[in-house]
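This is what each chain is made of:
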Amino acid sequence: MLDAELTETIYEAAFLPDLWQVVLERLAVRSDSVGAAIFLFAQGVPAQGKALPHQAEMLAEFLSDNDLQLSAGVTRMCD
């Protein structure tokens, strides 16, 4: 479960995009993961996202795929 401070930082990051780095770092530590990323889809807008620095190249490649929103994996994840 997320702590109140992390939850607050997530909400703040929606308005202060520079805070996503802090959020992703905390999520990676909290989940004992090697990284963390967030990506968003909106109809008619290219997919966008943020990742930790060591994942930036991989995320850019992932987001550059025009068929990404139709991916079975992405569809299952979003469901």
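Owing to the predicted nature of the structure, the values given are computational and were not obtained by experimental measurement.

Engineer: Could you give an account of the overall build of the chain, naming the residues involved and the relevant values?
Structural biologist: Looking only at helices and strands, one finds 4 helices and 2 strands in the chain. Counting helices and strands in the order they occur from the N terminus, the chain gives α-α-β-β-α-α. Taken across its 79 residues, the chain has 22% of its residues classed as buried. Contacts in the chain between residues at least 24 apart in sequence constitute 31% of all its contacts with a sequence separation of at least 6.

Engineer: I'd love a proper account of unusual backbone geometry, names of residues and values included.
Structural biologist: One non-glycine residue, Asp32, lies in positive phi territory at about 55°. Mapped onto the elements of the fold, Asp32 is located in the loop between α2 (20-30) and β1 (37-42). For Asp32, a relative accessible area of 72% puts it in the exposed group.

Engineer: Could you give an account of the nonpolar core, naming the residues involved and the relevant values?
Structural biologist: Generally speaking, nonpolar side chains in soluble globular proteins are found buried as a group. Ala47, Ala51, Leu59, Leu63 and Leu68 together form the largest nonpolar core, which totals 5 residues. Contacts of Ala51, omitting those with residues within four sequence positions, involve Gln21, Leu24, Ala36, Ala37, Ala56 and Leu59.

Definitions and cut-offs
Residues numbered from 1 in each chain as written. Predicted model: local features only at pLDDT ≥ 70, side-chain atom pairs only at ≥ 80, totals over all residues. Heavy atoms only, no water. Helix = DSSP H or I, 4+ residues; strand = E, 2+ residues; numbered from the N terminus. Buried < 20%, exposed > 50% of the residue type's maximum accessible area, 1.4 Å probe, protein only. Contact = heavy atoms within 4.5 Å. Core = buried A, V, L, I, M, F, W, Y, C linked by side-chain atoms within 4.5 Å.

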